[in-house]
Structures are given as C-alpha cells and as structure tokens.
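Tertiary structure, described
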Amino acid sequence: MTQEHHDADLPELGVAAVGHSFMGAVHSHAWRTVSHVGSPRVRARMRVLAGRDLDRTAAAARRLGWSEATDDWRRVLERDDVHVVDVLTPGDSHEEIAVAALEAGKHVICEKPLASSVAAAERMAAAARAASARGVRSMVAFNYRQVPALALARQLVAAGRLGTVRQVRAVYLQDFIVDESFPLTWRLQADRAGSGALGDIGSHIVDAAQFVTGQLLTQVSGTTETFVTRRPVEAAPATGGLAARGSGELGDVTVDDAAAFVGRGDGGALMTFEATRMATGRKNAMRLEVNGSRGSVAFDFEAMNELWLYDRDLPGAENGFRRILATEPEHPRLENWWPAGHGLGYDHTFVHELQEFCEAVHDGRDPSPSFDDGLQVHRVLDAVQRSAADAARFTDV
C-alpha cells in the first residue's frame, strides 16, 4: 500500500481553532505536522480558523494553513465536518467556547490556564465529565508534560530511582515585561487573564511538579507582587501579549508581576515555586529539580533536551550529576523523530500534545491532562492568591 493510499484510509478529524495570535500560530504548526509523524491513527484536517476580525482572521488562515476563516466561532459548532475545537483565546472566554463546543458534541482541547477563575474551571470540568460519558473528549494544553526529558524524569520517579521524594524546586523566569513601556495587554488585566505570572507561567510549573512527582499540592503559603502598577494602554493588537505597542495613555495593571510560594504535596514532599515575568535576562527558564532519598533529577527548559540525574548508590569518589541527552528512541515520544542525538524544540511539545489528543479520540479514551487536571491546578493558583491576601498563611487547596 502506498503512503497516499494509507493516508486516504485514515479516518479524518476536522479541526477548528478559535484564536490566531501566539498560541494560534503554535497550535497551527502542530496541526500541520501531527498527521505526518510516525504512524498516525487519524488524519487531521484544518477546516476553519475563527477570530474576532474577519480580515485579520482570513489573513492568518492563509498564513497558517487553514482552509477557511470566520468571525463567528458559534457557526463552527454547526458544521458536520468539524469534530475538534481548539480553544486558543484569552482565559475569560474559555468557558463559553469550550462548554458550548462540548455540548455540541465536539472534542475540545483548551489552552492553559483552563479558565480565569476556579468557578469557571469547575463548570468546564463538569461539562467535560458529562461529555465524556457521551464519548466526547477534552484536554487541557499543558505542553511541558510533553518534553521528553520531563517525561523521562516522571518515569524515573515512578520507578523509584529517586527513592522517597522529599523536596521539589520549580521556577519559571521570564523578562518580557521588564520594560515599563510594555503596553497594558490582556495578560496584564485580571478580568481577562485571572492572574499574571502566577496563572500564565506559574500554572506550568505547578502542573510539571505534580506530573513528575505524582504528588498533588494540598496546602500553600504564598505572596505576589506587582512592580509596575501602570502601563501604556495597548494601541495595536498584540501577538499573544508578547509583541505590542502602547499609546500615551496609562492604565492600571491588575495582576501580579511575580509570585513565590511554598507548598506541601500529598506524598509528603516540600515544594517551592517562583514565577516571574520580571527576571531581567531570563527568557524562558522553566526549571524543575526533584530531590529524593536515593537521588535527584534537574531540568531547565532552556536546555530542553537534557536531564541531569544524581544517583546516590554510585561510589562517592566518582559520583555527581550526570547529563542524560534525552534524544534516544527509547525516551518518551521520541520513537518517531530524528536519529539519536538530534534534539527537539519548543514546537515539538505541541505536536506531542496533539498526538496524545488525537490518539485518545481515536481510541475512545480520555486524553491527559484532563479538564479535571486543569481544575486542580486552578485550585492551587486560587489558594496562592488567597494566601497572599491573608499574610501568606498556609491555605488549603
């Protein structure tokens, strides 16, 4: 059978995306790629891209590879050739779009954080559970779970290589709003984003810590800080809040610039977290270290193909952290990529994410991470905010 015949035999999964800025571009790249890696079980078809402005959306659709464009996402739900809705908008619209799509029988993948409030996330998770009973699947897009080195760390912890997990340190350091003239985009407005660095990037390290260790946070004590309280009102559309121009008018920043908190895992681990978008010179330093009774692992996304492992059982005179280049076919998600030693990049994590989603839809199972996983992270973020408002008291999740 030729490749063309094989492709024709695959069941089609018609996809619609809502949103076309930063995450829209990243997810579009992944949708273009996912059906061409390994032995796909479905053929993804990029049917329609939805946005608020038809001209801008149509231009984005042409650039990103979508067949059609619309300025009304609700019309997408009426189409029989659309089976999946990919929600890539700011957090304040996630609930309306995702719940409507699930109720219309569409499978849904939704960017993180799941919503802009715990209450909205709870309603989304309830809708996802009800939809699952009807065979409709959903997933929250925590892409860092799909980094092979982090997935390998999870395997090592689960296999007992680190012994009893005692401590976890997780940080996410960026500097993209260090400049005080950076404009007041939606990411800096609580009614749109819910929180600032805490939800935007803190959600990633909360999920990564829980994913790698298998422990859920049960209590937190935290504080947040806003260093630049007023910024120029946005004068031009941003690319996902990462590239925009400001006007001369100033507006209030209503989210945190940085958050720091300590937490307790349900398996006894002490965990510390720091999330900031004001770490001058740090571009995308998402770092995780797990210390156990028998060993440790350490990871830094700025060297995303590497995992560092310390094994206490080796002789002390020759011991130390050793680098594992997580590029081998035996490592998670790498069986279908390049020859050993050829590293992957940020974009590949989204291809892996969509692989998990598409395979789960095809197999009739719920993909991971679920909306319930996204809800649990939201509850952690909410507990941090409540703690910060209450003199950093330990607060139950």
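None of these values were measured; they are calculated from a predicted model.

1. Regarding the environment of Pro-232
Its location among the elements puts Pro-232 in strand 9 (residues 230–234). Between the alpha carbons of Pro-232 and Met-124 there is a distance of 34 Å; along the sequence they are 108 residues apart.

2. Looking at the packing of aromatic side chains
Considering all chains together, one arrives at 8 aromatic pairs under this definition. With 5.9 Å between their ring centres and 70 degrees between their planes, Tyr-144 and Tyr-172 make a pair best called edge-to-face. Separated by 28 residues along the polypeptide, Tyr-144 in the loop between strand 6 (138–141) and helix 7 (148–158) and Tyr-172 in strand 7 (residues 165–173) bring together distant segments of the chain. In this structure, Arg-264 packs its charged tip against the face of Phe-394, placed 4.0 Å from the ring centre.

3. Topic: helix 5 (residues 94–103)
Every buried residue of helix 5 is listed here: His-94, Ile-97, Ala-98, Val-99, Ala-101 and Leu-102. Count one or two residues on from helix 5 and you reach Gly-105, which has phi positive near 85 degrees.

4. Overview of the nonpolar core
Where a protein is soluble and globular, its nonpolar side chains tend to be buried together. One finds Leu-150, Phe-273, Met-286, Phe-299 and Phe-371 to be the most contacted residues of the largest nonpolar core, which totals 78 residues. Take this core: its biggest share by element is 8 residues, from helix 6 (residues 118–132). Here Met-286 is in contact with Tyr-144, Leu-150, Val-171, Tyr-172, Ile-205, Ala-208, Phe-299, Asp-300 and Phe-301, once residues within four sequence places are set aside. Counting 31 residues, the second largest nonpolar core, distinct from the first, contains Val-37, Val-42, Trp-337 and Cys-358.

5. Considerations on the sheet that holds strand 16 (residues 322–325)
Taken in spatial order, the 9 strands line up as 16-15-14-13-7-12-11-8-17 in an open sheet, and their pairing is mixed. Looking at which strands have only one partner, the edges of the open sheet turn out to be strand 16 and strand 17 (395–396). Bridge analysis of strand 15 (residues 306–311) against strand 16 gives 4 bridges, and the strand direction is antiparallel. The partner of Trp-308 across the bridge, within strand 16, is Arg-323. In the packing of helix 7 onto the sheet, the strands contacted are strand 7, strand 13 (285–292), strand 14 (295–300), strand 15 and strand 16, and the crossing angle to strand 15 comes to about 25 degrees. Helix 12 (residues 371–388) rests against strand 8 (217–225), strand 11 (258–265) and strand 17 of the sheet, and its axis sits at about 50 degrees to strand 8.

6. Examining the pairing of strand 2 (residues 43–50)
Counting buried residues in strand 2 gives 6 out of 8 residues, a clear majority hidden from the surface. As paired elements, strand 1 (residues 12–18) and strand 2 share 7 bridges and run parallel to each other. Following the sheet pairing, Gly-14 is matched in strand 2 by Arg-45. A crossover connection joins strand 1 to the parallel strand 2 through helix 2 (residues 22–34); in handedness this β-α-β unit is right-handed.

7. Let's talk about the pairing of strand 7
The sheet contact formed by strand 7 and strand 13 spans 8 bridges and is antiparallel. By the bridge assignment for strand 13, Ala-170 is matched with Leu-288. When strand 7 meets strand 12 (residues 270–276), the two strands line up parallel, connected through 7 bridges. Bridge pairing in strand 12 places Leu-173 opposite Thr-276.

8. What to know about the side chain of His-352
Residue placement: His-352 occurs in helix 11 (residues 346–363). Judged by its relative accessible area of 0%, His-352 falls in the buried class.

9. Re the packing of helix 6 against helix 12
Packing of helix 6 against helix 12 leaves a shortest axis separation of 9 Å and a crossing angle of 165 degrees. Put simply, helix 6 runs roughly antiparallel to helix 12. Here helix 6 runs over helix 12; the crossing is left-handed. Contact residues: Val-118, Ala-121, Glu-122, Met-124, Ala-125, Ala-128 and Arg-129 in helix 6; Phe-371, Asp-372, Leu-375, His-378, Arg-379 and Asp-382 in helix 12. Looking at side-chain class alone, the contact of helix 6 with helix 12 contains 7 nonpolar, 1 polar and 5 charged residues.

10. What about the packing of helix 5 against helix 6?
Closest axis-to-axis distance for the helix 5/helix 6 pair is 10 Å, and the angle between their directions is 10 degrees. As far as their axial angle goes, helix 6 and helix 5 are roughly parallel. Two secondary-structure elements touch here, helix 5 through His-94, Glu-95, Ala-98, Val-99 and Leu-102 and helix 6 through Ala-120, Arg-123, Met-124, Ala-127, Ala-128 and Ala-131. Looking at the contact of helix 5 with helix 6 residue by residue, the classes come out as 8 nonpolar, 1 polar and 2 charged.

11. Points about the side chain of Gln-376
Turning to its location among the elements, Gln-376 is positioned in helix 12. Other than its neighbours up to four places away in sequence, Gln-376 contacts Gln-210, Leu-216, Leu-217 and Val-397.

12. Observations regarding the confidence of the model for the protein chain
Taken over all residues, the pLDDT of the protein chain has a mean of 94, while the share at 70 or more is 95%. Confidence drops under pLDDT 50 across residues 1–5; counting only partners more than four residues distant or on other chains, this segment forms 2 contacts.

13. A closer look at helix 12
For helix 12, spanning 18 residues, the distance from its first C-alpha to its last is 26 Å, which sits close to the expected 26 Å at 1.5 Å a residue. Turning to helix 12, its buried residues number three or more, namely Phe-371, Gly-374, Leu-375, Gln-376, Val-377, His-378, Val-380, Leu-381, Ala-383, Val-384 and Ser-387. With a side-chain oxygen lying 3.3 Å from the backbone nitrogen of Asp-372, the N-terminal cap of helix 12 falls on Ser-370.

The rules behind the values
- Residues numbered from 1 in each chain as written.
- Predicted model: local features only at pLDDT ≥ 70, side-chain atom pairs only at ≥ 80, totals over all residues.
- Heavy atoms only, no water.
- Helix = DSSP H or I, 4+ residues; strand = E, 2+ residues; numbered from the N terminus.
- Phe/Tyr/Trp six-rings, centres within 6.5 Å; stacked < 30°, edge-to-face > 60°.
- Lys NZ or Arg CZ within 6 Å of the ring centre and 35° of its normal.
- Buried < 20%, exposed > 50% of the residue type's maximum accessible area, 1.4 Å probe, protein only.
- Core = buried A, V, L, I, M, F, W, Y, C linked by side-chain atoms within 4.5 Å.
- Contact = heavy atoms within 4.5 Å.
- Pairing = 2+ DSSP bridges.
- Axes fitted to C-alpha atoms, helices over the stretch in contact; angles between N-to-C directions.
- Right-handed = clockwise from strand over helix to strand, strands pointing away.
- Parallel < 35°, antiparallel > 145°, perpendicular 65-115°, else oblique.
- Left-handed = near helix turned anticlockwise from the far one by under 90°.
- Nonpolar A, V, L, I, M, F, W, Y, C, P; charged D, E, K, R; others polar.
- pLDDT = per-residue confidence, 0-100.
- Expected span 1.5 Å × (residues − 1).
- Polar contact = N/O pair within 3.5 Å; in protein donor to acceptor, adjacent residues only side chain to side chain.

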